[in-house]
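Reading the structure
Chain residues, written in single-letter form:
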Amino acid sequence: MSAASDLTKIAGRNKFATILADPPWRFQNSTGKVAPEHKRLNRYGTMTLDEICALPVADVCAGTAHLYLWVPNALLPDGLRVMAEWGFTYKANIVWHKLRKDGGSDGRGVGFYFRNVTELLLFGTRGKNARTLQPGRTQVNYMGTRKREHSRKPDEQYELIESCSPGAYLEMFARGTRPGWTVWGNQADDSYTPTWDTYANHSQANVVAAE
């Protein structure tokens, strides 16, 4: 089954007012550690920009909707293109600052020009009367948290999104599940665990055990 038909099947008759997506971006330079498809790392399969753009997001979202789209700093133009192809207009972004245990910047990030300690969550809208909910009017566009396994985004995003944007909620390329959300992707189930070596404090297993 193709990714497009699978997404449509998961959505069914639902039309989602808020979509969160963390696509498996493909980097042109796959020789550095930043690229998930690097031959020494092989963390997960990636998609071309055209493949991501072609996903039928417009078919599963409501006429008035919000989109939260994760994009690496190096691929910001690609993220803006995907947002437009999916039928959304870019409005703002939320910055994720990756922190060490002591609160300083986690400098283990990578980058060809600067050491990346941030990542962007682009925010876009479609349709009429698409402003954020009242809590969004005072929500700062910043999250500061520790990293976990490669590419996994902070759980703090969910509370922020749920307070600022209406349901129904769809997470694309999800890792694991979340109550109240429809999730889609090849890691979108309760049995999700990292399939590659990672820092012990970043693993889902340790996070669950600590709870």
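Before reading further, recall that the structure is shown in the block above.
Below, the structure is looked at part by part. (Residues numbered from 1 in each chain as written. Predicted model: local features only at pLDDT ≥ 70, side-chain atom pairs only at ≥ 80, totals over all residues. Heavy atoms only, no water.)

1. Describing the overall build of the chain
From N to C terminus, the chain includes six helices and seven strands. Ordered by position in the sequence, the α and β elements of the chain form the string α-β-α-α-β-α-β-β-β-α-β-β-α. Taken over 211 residues, the chain has a buried fraction of 45%. In the chain, once contacts between residues fewer than 6 apart in sequence are set aside, the share between residues at least 24 apart is 69%. Carbon and sulfur atoms provide 50% of the accessible area of the chain, an area that totals close to 11,300 Å². (Helix = DSSP H or I, 4+ residues; strand = E, 2+ residues; numbered from the N terminus. Buried < 20%, exposed > 50% of the residue type's maximum accessible area, 1.4 Å probe, protein only. Contact = heavy atoms within 4.5 Å. Areas by Shrake-Rupley, 256 points an atom, 1.4 Å probe, with all protein chains shown as cover.)

2. Some details on unusual backbone geometry
Backbone torsion omega between G167 and A168 reads 10°, so that peptide bond is classified as cis. In this structure, A168 sits in the loop between α5 (156-164) and β6 (169-172). Positive phi outside glycine occurs at N129, with the angle close to 55°. Within the fold, N129 resides in the loop between β4 (118-126) and β5 (142-146).

3. Here we look at the pattern of salt bridges
What the rule picks out here adds up to seven salt bridges. Linking E119 and K98 is a salt bridge whose minimum nitrogen-to-oxygen distance equals 3.0 Å. Residue E119 is found in strand β4, and its partner K98 is found in strand β3 (residues 89-99); the two are separated by 21 residues along the sequence. E119 gets classed as buried once you look at its relative accessible area, which sits at 11%. (Salt bridge = Lys/Arg side-chain N within 4 Å of Asp/Glu carboxyl O.)

The values reported here are purely geometric and, on their own, carry no functional implication.
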